[in-house]
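These are the residues of each chain, in order.
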Amino acid sequence: MLERFVRCGADLSATFFPMRRGTSDPTTRIGRGEVWRASRTPDGPATVRFERIGDGVAVGAWGDGAAWIVDRASDWLGLADRTDTFEPRPGVVHEAWRRSPGLRIPRAGLVVEHLIPSILEQKVTGREARRAYQRMTLALAEPAPGPPNLGLVLPPDPARLAGLPYYSMHPFGIEKRRADVIRSVCTKAAWIEATASMPQHDARARLLAIPGVGPWTVAEVSRLAFGDADALSVGDFHVPHLVSYALAGEPRGTDERMLQLLEPYRPFRGLVQLLLERSGARSPAFGPRMDVRAIERI
């Protein structure tokens, strides 16, 4: 086990919540004052624990990739996200920031690890995507390193996913289109991982060059892998309504209206999105909700 102490005010639950794909995500556990995460680093599998202690965070890591994560603990905790310069004007965003001052934007790297579940979230309900990720991860489960009886498993191995036929993902609730995108991404894993060390503009351009990966998916990955506090979920079904309602009292919004309302908050538009999502604000509901499909039964 390797250990390190990082002085910072990051709210662990708020900062790492976007990494967890539902409460049943077998790779991540968020508890009171601590977060556990299993990952595949360039040096090998690792499990990391972040624990709030006094004015900082105790970081402990196990496995062949332990040193890789411990060396980057400050990035994972969002110490480079520039939120110390974020000063929203009085109003709903200011109040949301006052209530969540420890929210940070992590720069975790491990691009493919975040890209796979983001692809699963394309054009489906959140519940459907979380269920598919959980099933896929457990079906290909490899125990994560760490203390005995920890119970975490590693994220799916890209090399293994690349070799699976598309129809093998059907029982997980993944149709051919998303299965093919995941398999394509996994065959280019090294080329994609290189984006973690590229300028953000170039990294986003490389991801957008992948068939089946659009601006929404790139934004979801950019906030976690690249620490991009300005990454905004353009193309999302809910976010434009939330932003328009919270900032302008308009029950329905479009991407264009969202971008207009959030322009004054650049380069922290992605941070504002997270703050509004955490604030409890909800746009009025109109019409029936999207059905949760059971693709594996089709």
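Chemist: Help me understand the packing of aromatic side chains in this model?
Modeler: Two aromatic rings, taken as a pair, are described by how far apart their centres are and by the angle between their planes. Inspection of the entire model under this criterion finds 6 aromatic pairs. For the ring pair Phe50 and Trp76, a centre distance of 6.1 Å and an interplane angle of 25° mean the geometry is stacked. Placement of the pair is Phe50 in strand 4 (residues 44-53) and Trp76 in helix 3 (residues 73-76), with a sequence separation of 26 residues. Assessed through its relative accessible area of 0%, Phe50 is described here as buried. Given a relative accessible area of 1%, Trp76 falls into the buried group. Ring geometry for Phe86 versus Phe268: centroids 5.1 Å apart, planes at 55°, classification tilted. Taken as a pair, Phe86 in the loop between helix 3 and helix 4 (92-99) and Phe268 in the loop between helix 13 (255-262) and helix 14 (269-279) lie far apart in primary sequence, 182 residues in all. For Phe86, a relative accessible area of 6% puts it in the buried group. Look at Phe268 and you get buried, because its relative accessible area is 6%. Put simply, the rings of Phe16, Phe50 and Trp76 touch in pairs and so form one group of aromatic residues. Positioned above the aromatic ring of Tyr166, the side-chain terminus of Lys176 is 5.0 Å from the ring centre.

Chemist: Even after reading the chapter, I still don't get the sheet that holds strand 4, so can you show me in this structure?
Modeler: As summarised here, the arrangement of the 5 strands in space is 1-5-4-3-2, forming an open sheet in which the pairing is antiparallel. Each edge of the open sheet is held by one strand with a lone partner, namely strand 1 (2-7) and strand 2 (28-31). For this sheet the average axis-to-axis angle between neighbouring strands, irrespective of direction, equals 20°. As judged from the 8 bridges shared by strand 3 (residues 34-41) and strand 4, these two strands associate in the antiparallel manner. Bridge pairing in strand 4 links Arg40 to Pro45.

Chemist: Please clarify how the environment of Met1 should be interpreted in this entry.
Modeler: Relative to the assigned elements, Met1 resides in the segment before strand 1. Taking C-alpha positions, Met1 is 7.4 Å from Ala66, a pair spaced 65 residues apart along the chain. Not counting chain neighbours up to four residues away, the residues in contact with Met1 comprise Arg49, Gly60, Ala61 and Trp62.

Chemist: Explanation requested: helix 8 (residues 176-187) in the structure shown.
Modeler: For an α-helix, the turn length of 3.6 residues means that residues three or four places apart are oriented alike. The first and last C-alpha atoms of helix 8 sit 16 Å apart over 12 residues, in line with the 16 Å expected at 1.5 Å per residue. Listed in full, the buried residues belonging to helix 8 are Arg178, Ala179, Val181, Ile182, Val185 and Cys186. Down the axis of helix 8, the buried side of the element spans an arc of 160°, and every buried residue falls inside it. Of the surrounding secondary structure, the elements contacted by the buried residues of helix 8 are helix 5 (111-120), helix 6 (126-139), helix 7 (158-162) and helix 9 (189-193).

Chemist: I would appreciate a short explanation of the packing of helix 5 against helix 6 in the present structure.
Modeler: Geometry of a packed helix pair, given as the angle between the helix axes and the separation of the axes. Close contact between helix 5 and helix 6 brings their axes to 8 Å; oriented N to C, the two are set at 130°. With respect to helix 6, the element helix 5 is oriented oblique. Contact with helix 5, carried on its side by Ile116, Pro117 and Leu120, involves Ala129, Ala132, Tyr133 and Met136 of helix 6 and no other residues of that element. Of the residues contributing to the contact of helix 5 with helix 6, the split by class is 7 nonpolar, no polar and no charged.

Chemist: Even after reading the chapter, I still don't get the environment of Ala80, so can you show me in this structure?
Modeler: Here Ala80 is to be found in the loop between helix 3 and helix 4. With 147 residues separating them along the chain, Ala80 and Gly227 place their C-alpha atoms 7.8 Å apart.

Here is what the cut-offs are and how they apply
- Residues numbered from 1 in each chain as written.
- Predicted model: local features only at pLDDT ≥ 70, side-chain atom pairs only at ≥ 80, totals over all residues.
- Heavy atoms only, no water.
- Phe/Tyr/Trp six-rings, centres within 6.5 Å; stacked < 30°, edge-to-face > 60°.
- Helix = DSSP H or I, 4+ residues; strand = E, 2+ residues; numbered from the N terminus.
- Buried < 20%, exposed > 50% of the residue type's maximum accessible area, 1.4 Å probe, protein only.
- Lys NZ or Arg CZ within 6 Å of the ring centre and 35° of its normal.
- Pairing = 2+ DSSP bridges.
- Axes fitted to C-alpha atoms, helices over the stretch in contact; angles between N-to-C directions.
- Contact = heavy atoms within 4.5 Å.
- Expected span 1.5 Å × (residues − 1).
- Arc of directions from axis to C-beta.
- Parallel < 35°, antiparallel > 145°, perpendicular 65-115°, else oblique.
- Nonpolar A, V, L, I, M, F, W, Y, C, P; charged D, E, K, R; others polar.

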